[in-house]
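Working through the structure, step by step
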Amino acid sequence: MVRVETPISLIAKRWTPSTKVVKRAALSAVLMSVFIIVTGGAVRLTGSGLGCDTWPKCTDDSLFATPEQGLHGAIEFGNRMLTYVLSAAVGWAIIAISAAKPRRRKLVRLAWLQFWIVLGNAVLGGITVWAGLNPWTVAGHFLLANVLLAVAVITWVRVGEGDGPPRPRAPLPVRRLTWAIVATTVVLIVLGTSVTGSGKHAGDSSDVPRMPWDWSAAAHVHAISAWVVCALAIAMWLALRMVDAPADTRARARDLLLVLLAQGAIGYVQYFSDVPELLVGFHMFGSAILWIAVIRLVLSMRERGDDAPATLPGPSAERPEATAATAV
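Residues numbered from 1 in each chain as written. Predicted model: local features only at pLDDT ≥ 70, side-chain atom pairs only at ≥ 80, totals over all residues. Heavy atoms only, no water.

Before going further, it helps to spend a moment on the domain arrangement of the protein. Partitioning the protein into domains gives domain 1 (6-161) and domain 2 (169-302). Each of domain 1 and domain 2 has a C-alpha centre, and these two points are 23 Å apart. Facing 29 residues of domain 1, the contacting portion of domain 2 comprises 30 residues. Around 2,400 Å² of area is buried between domain 1 and domain 2 when both sides are counted, 75% of it from carbon and sulfur atoms. If you sort the residues of domain 1 by the area they bury against domain 2, Arg44, Leu45 and Pro135 come out on top, with a joint share of 27%. Across the domain 1-domain 2 interface, the total number found is 1 salt bridge. Residue Arg302 is joined to Glu161 by a salt bridge in which the shortest nitrogen-to-oxygen separation is 2.6 Å. (Domains from an automatic or database assignment. Contact = heavy atoms within 4.5 Å. Buried area = accessible area lost by both parts, 1.4 Å probe. Salt bridge = Lys/Arg side-chain N within 4 Å of Asp/Glu carboxyl O.)

Scanning all chains against the criterion turns up 9 aromatic pairs. Arranged with centres 5.0 Å apart and planes meeting at 75°, the rings of Phe115 and Trp116 form a pair that is edge-to-face. Judged by its relative accessible area of 31%, Phe115 falls in the partly exposed class. Ring centres of Trp215 and Tyr271 lie 5.3 Å apart, and the angle between their planes is 20°; on these two criteria the pair is classed as stacked. Here Trp215 is found in helix H7 (residues 215-242), whereas its partner Tyr271 is found in helix H8 (residues 247-272), with 56 residues between them in sequence. Trp215 gets classed as partly exposed once you look at its relative accessible area, which sits at 25%. For Tyr271, a relative accessible area of 24% gives the class partly exposed. Ring pairs connect the aromatic residues Trp215, Tyr268, Tyr271 and Phe272, which therefore count as one cluster. (Phe/Tyr/Trp six-rings, centres within 6.5 Å; stacked < 30°, edge-to-face > 60°. Buried < 20%, exposed > 50% of the residue type's maximum accessible area, 1.4 Å probe, protein only. Helix = DSSP H or I, 4+ residues; strand = E, 2+ residues; numbered from the N terminus.)

Attention now goes to a nonpolar patch on the surface. Together, Trp112, Phe115, Trp116 and Leu119 make up an exposed nonpolar region whose accessible area comes to about 400 Å². Mapped onto the fold, Trp116 is located in helix H4 (residues 105-130). (Patch = residues over 30% accessible without salt bridge, like charges linked within 9 Å, V, L, I, M, F, W, Y side chains within 5 Å. Areas by Shrake-Rupley, 256 points an atom, 1.4 Å probe, with all protein chains shown as cover.)

Another point: the state of the cysteines. Two cysteines, two sulfur atoms, one covalent bond between them: this is a disulfide. This structure, assessed with the given rule, holds 1 disulfide. The disulfide bridge from Cys52 ends at Cys58, spanning 1.9 Å between sulfur atoms. The chirality of the disulfide connecting Cys52 with Cys58 is left-handed, given an S-S dihedral of about -75°. Comparing Cys52 with Cys58, the two get one shared label, buried. (Disulfide = S-S within 2.5 Å.)

So, on to the pattern of salt bridges. Note on pairing: side chains with opposite charge can pair once their charged atoms come close. Tallied over the full model, the rule gives 13 salt bridges. Here Arg250 makes a salt bridge to Asp244, at a shortest N to O gap of 3.9 Å. For Asp244, a relative accessible area of 61% gives the class exposed. Salt bridges sharing common partners tie together Arg104, Arg158, Glu161, Asp163 and Arg302.

Next up, the structure:
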């Protein structure tokens with residue numbers, strides 16, 4: 001049976017990137033995932049969500065934005081073009097990870113998963129335009145972007161690890177507390193979409209439907225969930241100090257706490273200042289940074305070595321007893 005070579009496999013035959021190059025490629029996907037979340041928010045906050053009134057074209061007659069569509073059309077079309085930049089970053093990560101030696105199948109799968117999420121979210125974005133910025137599809141579009149960010153961060157961290165079984169770096173109750181932080185953060189982000197979905201920033205100047213509840217009440221529930229996450233983060237910071245966890249794990253808990261405090265401050269200021277567009281944009285950026293901080297905290301709770309111990313210089317085959325002692 002003749003094996004068909006793909007462009008990626010041909011590249012892998014001729015090029016072996018260093019770990020630094022692979023990690024930078026994976027980081028580029030993380031950065032673009034954050035950037036696309038922020039620019040997607042900018043489209044909505046400038047009222048440009050229907051600047052291109054159809055999909056995949058910008059208008060029924062043009063693939064590109066036209067002068068008649070003005071600034072809103074240019075902003076929406078520009079954000080669509082950024083999807084290709086995001087795809088390029090993810091593609092670069094796929095190529096670099098696939099070309100690394102030895103081949104790490106799990107890492108390659110994580111890289112390809114990013115591609116399929118980007119593709120799926122592009123389609124969901126098109127459905128959102130067809131639905132006239134229905135708040136439920138807008139929320140789904142944002143949440144799927146956060147799924148992409150999670151996978152991109154996991155891929156980036158895993159590049160610097162081995163493929164051996166995970167070894168815990170903190171006691172079980174502390175690790176369970178980490179997963180409680182993940183669960184409550186997911187709830188926090190979902191509740192955030194209920195605030196924007198019922199608030200005044202509908203994404204277009206036309207009569208866009210809103211979620212069927214009071215915006216102020218949704219904001220209060222969102223704030224309560226934020227306080228829960230903050231309380232858990234404080235408990236985590238204290239617990240890691242009590243169990244003398246590794247310094248980098250304690251640093252991840254500290255980072256999370258600082259991001260939460262900054263994000264909470266922005267949230268309260270925007271609420272009491274009638275949610276100005278600029279502060280909402282900063283809050284969306286903070287949401288992405290918060291999600292990254294949570295994922296990095298989870299991943300710092302374990303470490304992975306190589307599948308097999310490295311070959312160490314030492315006794316030759318003539319002295320097996322010495323080799324056995326070294327292995328122990």
